Amino acid sequence: NQISEYINNIQTISSNFIQTNSNGESFSGIIKIKKPGLLLLDYNTPSNNKIISNGKEVALINKKNKTITYYNLEQLPIKIFLDSNFSLNNFKIIKYQEDEKKIEFEINDKINNNSGSIKFIFQDSPLLIKKWIIKDIQGFETQMFLSNTTINSKLEDVNFKIEDPKKKFFGNTR
C-alpha cells in the first residue's frame, strides 16, 4: 500500500507544528522524528514543555519548573509512526477517505482498541504528511498541524538525549 511504503521510507522528519487541544488551547514548536523510536517535541513559549523519546522511554520536561516525568513509549499513540516497519495491516482501519487533494485515514491498535486512535492526513501529489489527530480513550482530541516539513534530512542523536533539567549546568562547569 502507498501509505505504508511512504511511512516506511521516512527515516527522519523535521517540522514546525501547531498543536490544538480539545479545550481550544493552541501551542507551537518544532518536532523532530528519527526512526526507530526517537522523538522531540520542543514547544515555544508560553508552554515550557519538551517531550523527548530516546527509543526506550519518553520524558515530559517542564523547562521552567525543571521537572521531568517519564512515560513508556508504548503508552503514546504516535509510537506507531516511530516504528521502522509500519504496515496498515497491523491496525484496525476505522476510516479511510481519499480524494484528488488528500488521503485521510484513522486507525487504532487491533489488539488494544481501547487505547484511542490516530488519524493521519496526507497531501496527495506529492504525498506529504500534513496533520495527525490523536483521540484518547475519553474522546479528547489533540491535533498536530505540520508546516515547513523536511523529510529524511540528517538529524543527530543528541537531539533525542533525555537530560534531567535539575542536573543541567550552564556556563563553565570546571
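Cut-offs used in this document
- Residues numbered from 1 in each chain as written.
- Predicted model: local features only at pLDDT ≥ 70, side-chain atom pairs only at ≥ 80, totals over all residues.
- Heavy atoms only, no water.
- Helix = DSSP H or I, 4+ residues; strand = E, 2+ residues; numbered from the N terminus.
- Buried < 20%, exposed > 50% of the residue type's maximum accessible area, 1.4 Å probe, protein only.
- Contact = heavy atoms within 4.5 Å.
- Phe/Tyr/Trp six-rings, centres within 6.5 Å; stacked < 30°, edge-to-face > 60°.
- Core = buried A, V, L, I, M, F, W, Y, C linked by side-chain atoms within 4.5 Å.
- Salt bridge = Lys/Arg side-chain N within 4 Å of Asp/Glu carboxyl O.

Caption draft 1: Inspection of the overall build of the protein at higher detail. Secondary structure summary: the protein contains two helices and 11 strands in total. In sequence order, the protein lays out its α and β elements as α-β-β-β-β-β-β-α-β-β-β-β-β. Burial statistics for the protein: of 174 residues in total, 40% are counted as buried. In the protein, of all internal contacts separated by at least 6 residues, the share reaching a separation of at least 24 is 40%.

Caption draft 2: Up close: the environment of Ile61. Tracing the backbone shows Ile61 in strand 5 (residues 57-62). Sequence separation between Ile61 and Asn48 is 13 residues; the distance between their C-alpha atoms is 8.0 Å. The contacts of Ile61, once residues within four sequence positions are left out, are Asn48, Asn49, Lys50, Ile52, Thr67, Ile68, Glu163 and Pro165.

Caption draft 3: Expanded view of the packing of aromatic side chains. Using the criterion set out here, one finds eight aromatic pairs in the structure. On the basis of an interplanar angle of 90° and a centroid distance of 6.2 Å, the ring pair of Phe27 and Tyr43 is categorised as edge-to-face. Residue Phe27 is found in strand 2 (residues 26-34), and its partner Tyr43 is found in strand 3 (residues 38-43); the two are separated by 16 residues along the sequence. Arranged with centres 5.9 Å apart and planes meeting at 10°, the rings of Phe105 and Phe122 form a pair that is stacked. Linking Phe105 in strand 8 (residues 102-109) with Phe122 in strand 9 (residues 117-123), this pair joins segments that are 17 residues apart in sequence. Through a chain of ring-to-ring contacts, the aromatic side chains of Tyr6, Tyr96, Phe105, Phe120 and Phe122 assemble into a single cluster.

Caption draft 4: How the structure looks around unusual backbone geometry. Put simply, Thr45 and Pro46 share a cis peptide bond, and its omega is 15°. Looking at where Pro46 falls in the secondary structure, it is placed in the loop between strand 3 and strand 4 (49-54). The step from Ser125 to Pro126 runs through a cis peptide bond, and the omega angle for that step is -5°. Mapped onto the elements of the fold, Pro126 is located in the loop between strand 9 and strand 10 (128-135). Here the phi dihedral of Ser125 falls at roughly 60°; this positive angle occurs in a residue that is not glycine. On the secondary structure map, Ser125 appears in the loop between strand 9 and strand 10.

Caption draft 5: Quick look at the nonpolar core. Of all hydrophobic cores here, the largest spans 34 residues; its most connected members are Phe81, Ile107, Phe120, Phe122, Ile129 and Trp132. If sequence neighbours within four positions are ignored, Phe120 has contacts with Ile80, Phe81, Ile103, Glu104, Phe105, Ile107, Ile129, Lys131 and Trp132. Counting residues in hydrophobic clusters, the runner-up holds eight residues, among them Leu40, Ala59, Ile61 and Phe160.

Caption draft 6: Representation of the pattern of salt bridges within the structure. Enumeration over the complete set of coordinates arrives at nine salt bridges. For the salt bridge of Lys135 with Glu106, the shortest nitrogen-to-oxygen distance reads 3.8 Å. Of this pair, Lys135 sits in strand 10 while Glu106 sits in strand 8, placing them 29 residues apart in sequence. On the basis of relative accessibility, which here comes to 29%, the residue Lys135 falls in the partly exposed class. Across the salt bridge formed by Glu156 and Lys154, the nearest N and O atoms sit 3.7 Å from each other. Its relative accessible area of 43% is what places Glu156 among the partly exposed residues. When its relative accessible area of 71% is taken as the criterion, Lys154 is described as exposed.

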